[in-house]
Amino acid sequence: MDRPTFEKNETAHKWYDERNVPTRAISLMWNQRSVDTFLGLPFNIASYGLLLEIIAKEVNMVPDQLIGNLGDTHLYLNHIEQAKEQIGREYTHGERTELLKRAMSEENYNKAVDELMPFGGGLSEYYDSHKIPKRTREPFPLSALNFSNWYKNANLEKQSEIVFNEWIESIKIEDFKVENYQSHAAIPAPLSN
């Protein structure tokens, strides 16, 4: 049978189900009484995001929305400067020019200035072509989470006989691989009580 166009019909669902292709979405919502925005929330998002991925795999669905109901959401006073750094401030024109000088050879930079300045032009086209960031911290492309063989090689009939708690507790950190992960330098911050 050729791959059917996915419409809400029994044939299409059967075709995808026979091939174990997820076709329905699942979301996860968590409630949290108190949230340390700078130190705690990123960890909470990553943890519940991973849980959503695991549950979606287990029930053959596509992970969709991750929703947090966050009470007492706060940023401690001794984390204000770190939070500003995490958001990233805009570079000044002078700072961007210095970054451009480092990206170009001195000869090419001087040539660009000589060509543009008499006509009132600026260096903005060079900022883009040399990928000079506008802020101290620009977001990186998203990474991908891949499950190792614990899921791909699972005998689904045998797995269904295992108590879910035993199965979920048998999952190890080594069972997951994050690919193409990039990060900015760490921002140290003290714990607050």
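Just so it is clear, the model here is predicted, and its values are computed rather than measured.

Our focus in this paragraph is the overall build of the protein chain. Looking only at helices and strands, the protein chain has nine helices and six strands in total. Per-residue burial for the protein chain yields a buried fraction of 23% across its 193 residues. For the protein chain, restricting intrachain contacts to residue pairs at least 6 apart in sequence, the fraction spanning at least 24 positions comes to 74%. Here the protein chain displays about 14200 Å² of accessible surface, and carbon together with sulfur accounts for 53% of that area.

Time to look at a nonpolar patch on the surface. Together, Leu75, Leu77 and Ile80 make up an exposed nonpolar region whose accessible area comes to about 290 Å². When you line up the elements, Ile80 lands in helix 3 (residues 80-87).

So, about helix 4 (residues 93-103). Every buried residue belonging to helix 4 is among Arg96, Thr97 and Leu100, and all of these are buried. Viewed along the axis of helix 4, the buried residues span an arc of 100°, placing them on a single side of the element. Contact partners of the buried residues in helix 4: helix 5 (106-116) and helix 6 (124-129).

Taken residue by residue, the protein chain gives an average pLDDT of 81. The fraction at 70 or more is 81%. Taken element by element, the predicted model of the protein chain shows its lowest mean pLDDT in helix 8 (residues 156-161) (52) and its highest in strand 1 (residues 25-32) (96).

Cut-offs and rules
Residues numbered from 1 in each chain as written. Predicted model: local features only at pLDDT ≥ 70, side-chain atom pairs only at ≥ 80, totals over all residues. Heavy atoms only, no water. Helix = DSSP H or I, 4+ residues; strand = E, 2+ residues; numbered from the N terminus. Buried < 20%, exposed > 50% of the residue type's maximum accessible area, 1.4 Å probe, protein only. Contact = heavy atoms within 4.5 Å. Areas by Shrake-Rupley, 256 points an atom, 1.4 Å probe, with all protein chains shown as cover. Patch = residues over 30% accessible without salt bridge, like charges linked within 9 Å, V, L, I, M, F, W, Y side chains within 5 Å. Salt bridge = Lys/Arg side-chain N within 4 Å of Asp/Glu carboxyl O. Arc of directions from axis to C-beta. pLDDT = per-residue confidence, 0-100.

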